[in-house]
Amino acid sequence: MSKDKQFVTEITPQAQDFSRWYIDVIKKADLMDYSPVRGCIVFKPDGYEIWEHIQEEMNRRFKATGHRNAYFPLFIPESFFQKEKEHIEGFNPELPWVTEAGGDKLEERLAIRPTSETMFGHMYSKWIQSYRDLPVLINQWANVVRWEKRTLPFIRTSEFLWQEGHTAHEEETEAREETMRMLEIYRDFVEGYLAIPVITGQKTPSERFAGAVDTYSIEAMMKDGRAVQAGTSHYLGTKFAVAFDIQYLSRENVLEYVHTTSWGTSTRLIGSLIMVHGDDRGLVLPPKVAPTQVIMIPIGPPKTREAVIGRTDELFQELKSAGIRVRVDDRADVTPGWKFNEYEMRGVPVRLELGPRDMENGVCVLVSRVTGEKKVVQQENLVEEVNAMLEQVHKDMFERALKFREDNFYSVDTLEEMKASMEEKRGFALAGWCGSEECETKVKEETGAGSRNIPFNPAEVKEICICCGEPAKHTVVFAKAY
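The model shown is predicted, which means the values in this text are computed figures rather than measured ones. (Residues numbered from 1 in each chain as written. Predicted model: local features only at pLDDT ≥ 70, side-chain atom pairs only at ≥ 80, totals over all residues. Heavy atoms only, no water.)

Student: I tried to follow the side chain of serine 368 on my own but got confused; where do I start?
Tutor: The topology assignment puts serine 368 in strand β18 (residues 363–368). Polar side-chain contacts of serine 368 include one of 3.1 Å to the backbone nitrogen of valine 370. (Helix = DSSP H or I, 4+ residues; strand = E, 2+ residues; numbered from the N terminus. Polar contact = N/O pair within 3.5 Å; in protein donor to acceptor, adjacent residues only side chain to side chain.)

Printed below as a string of structure tokens:
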């Protein structure tokens, strides 16, 4: 048992080494394992189920707005990338190539999909002939490969899972509306489903997607103060339409190029929710994506064990029938205290305890993973009480994450202030920027903080560039990032 106890408790404190804490937690919570290929991971069942719940909810939202799912090939001809110069320049350092198959050298190298704008562009040029074919609203769930030099499970891996939406429209206005609609879907999902507060805004030109006209993002703050780009939406204009000759016959009987968009989120959302919500006891999982929402633990001496487990099983069926993801741990060879620690470490949102005295009184005890609050509830109202606590856990998680962000978000007016902020504190900095790439680059070189986005609703509007002192064209969020 001593080895098991060590397994439950041995997690490096966040304040001591945040990176080590992160690795300890995802390994001990059994979310993933390392594969033999550098930079790639195996999603274990609990880790993959989190992604499944993300998929389910996103699919519901995508389909409600008229999008449909399809699947496109993993291999992309090199010539496709050459058609959009900016695109290939942006991705070339990360591209793995297939040069040989079946013992024969290929006539043309094939890239292993880093993103699919080019493949979608090729196919859309075949499918779109008239304005009657528009809009085309397609999403793809897939794996992609970007050969990263520095990797971190879930956050940045050489192969990862994601969804990528690609749409084509008659007019710029319609395409831009689509771009912003999907960004808002991401914001609402990440805040309302994952309990992660985000900052919504536009990327600076140096940070926008390779080949895009405009890129927009949602940015989240991790508990070490670093940023994670949790989702992006791009207006591509007619760049890919011209490159791939995606034309349609307009209502005026004139050939026009379509306006396209792309947008995506990935399994870095899993890493983000771990880093945003986890604590020194382990995972804290948002109830809506937790593989197990409620763990039931029967308690009591051997003489009452059979009766307690029998009632636990009855309550289990009630919760399961109500659509709650629930498990029972009725192992007799492990103490209740060990189980409490185990499921806290695994991030289960609600623990249900039931003992012989609870049975006599027709009650049971619910415990919140976030606050540790214990609530005695009537068994006859169990489903309602559990649902209420799950909702409260989500609310508590969001409010805690929001307070952390507010406590670590600084307004700075000079480069010296930002340097001090980044050296002495963790978090984000709000600053003015004149719009020049030279100033943006200098800020990053001297502080380590890059521009995250130009927020739509900044807490204050900056008037002076943090770097050169000239009038600011934009108010920008700067941060160190993953």
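Student: Can you walk me through the packing of helix α14 (residues 415–424) against helix α15 (residues 437–447) in this structure?
Tutor: Packed helix pairs are characterised by how far apart their axes lie and by the angle those axes make with each other. Following both chains from N to C, one finds α14 and α15 inclined at 40°, their axes separated by 9 Å at the closest point. Of the possible angle classes, the one that applies to α14 and α15 is oblique. The element α14 and its partner α15 pack so that their crossing is right-handed. Of the residues in α15, those touching α14 at Leu415, Met418, Lys419 and Met422 are Lys442, Val443, Glu446 and Thr447. Of the residues that constitute the contact of α14 with α15, the class distribution is four nonpolar, one polar and three charged. (Axes fitted to C-alpha atoms, helices over the stretch in contact; angles between N-to-C directions. Parallel < 35°, antiparallel > 145°, perpendicular 65-115°, else oblique. Left-handed = near helix turned anticlockwise from the far one by under 90°. Contact = heavy atoms within 4.5 Å. Nonpolar A, V, L, I, M, F, W, Y, C, P; charged D, E, K, R; others polar.)

Student: Where do I start with the sheet that holds strand β17 (residues 350–354) in this structure?
Tutor: Strands in a sheet are paired, the pairing made by backbone hydrogen bonds, and the direction either parallel or antiparallel. Taken together, the five strands give an open sheet; going across it, the order is β16-β15-β17-β18-β19, and neighbouring strands pair in mixed fashion. The two strands at the open ends of the sheet, each matched to only one other strand, are β16 (326–328) and β19 (374–378). Taken pair by pair, the neighbouring strands of this sheet meet at an average axis angle of 25°, ignoring direction. Strands in contact with helix α10 (residues 302–321) are β15 (294–298), β16 and β17; relative to β15, the strand with the most contacts, it is inclined by about 165°. Here helix α11 (residues 336–345) sits on the sheet and contacts β15, β16 and β17; the angle it forms with β15, its principal contact strand, is near 175°. (Pairing = 2+ DSSP bridges.)

Student: What should I look at first to understand the pattern of salt bridges in this one?
Tutor: Note on pairing: side chains with opposite charge can pair once their charged atoms come close. Evaluated as defined, the whole model comprises 34 salt bridges. Residue arginine 181 pairs with glutamate 178 through a salt bridge whose shortest N-O separation is 2.8 Å. One end of the pair is arginine 181 and the other is glutamate 178, both in helix α7 (residues 172–194) and three residues apart, which spans about a single turn. A relative accessible area of 36% places arginine 181 in the partly exposed class. Ionic contacts of the salt-bridge type, sharing partners, join the residues Glu57, Arg60, Arg61, Glu184, Arg187, Asp188 and Glu191 into one network. (Salt bridge = Lys/Arg side-chain N within 4 Å of Asp/Glu carboxyl O. Buried < 20%, exposed > 50% of the residue type's maximum accessible area, 1.4 Å probe, protein only.)

Student: What's the story with the packing of aromatic side chains in this structure? I'm lost.
Tutor: To describe a pair of aromatic rings, one takes the distance between the centres and the angle between the planes. All told, the structure shown has 16 aromatic pairs when counted by the stated rule. Ring pairs connect the aromatic residues Trp51, Phe62, Trp141 and Trp263, which therefore count as one cluster. Positioned over the ring face of tryptophan 97 is arginine 109, at 4.1 Å from the centre of the ring. Lying over the aromatic face of tyrosine 410, lysine 425 brings its terminal NZ or CZ to 4.5 Å of the ring centre. (Phe/Tyr/Trp six-rings, centres within 6.5 Å; stacked < 30°, edge-to-face > 60°. Lys NZ or Arg CZ within 6 Å of the ring centre and 35° of its normal.)

Student: What should I look at first to understand the nonpolar core in this one?
Tutor: Where a protein is soluble and globular, its nonpolar side chains tend to be buried together. Counting 51 residues, the largest nonpolar core has Tyr22, Ile54, Phe154 and Ile274 as the members making the most contacts within it. Elements represented by at least two residues in this core include exactly α2 (18–28), α3 (45–64), α7, β10 (214–221), β11 (227–237) and α9 (268–277). The element that contributes the greatest number of residues to this core is α7, accounting for eight residues. With residues near it in sequence (within four places) discarded, isoleucine 54 still touches Phe189, Leu194, Leu269, Ile270 and Val289. (Core = buried A, V, L, I, M, F, W, Y, C linked by side-chain atoms within 4.5 Å.)

Student: Looking at this structure, how should I read unusual backbone geometry?
Tutor: Most of the time, phi is negative for any residue but glycine, and the peptide bond is trans. Cis geometry marks the peptide bond from leucine 134 to proline 135, where omega comes out at -5°. Relative to the elements of secondary structure, proline 135 occurs in the loop between α6 (117–127) and β7 (136–145). Located in the positive-phi region is phenylalanine 154, a residue other than glycine, with phi close to 70°. Within the secondary structure layout, phenylalanine 154 lies in the loop between β7 and β8 (159–169). According to the relative accessible area criterion, phenylalanine 154 is buried, its value standing at 2%. Phi at asparagine 253 takes a positive value of approximately 65°, unusual for a residue other than glycine.

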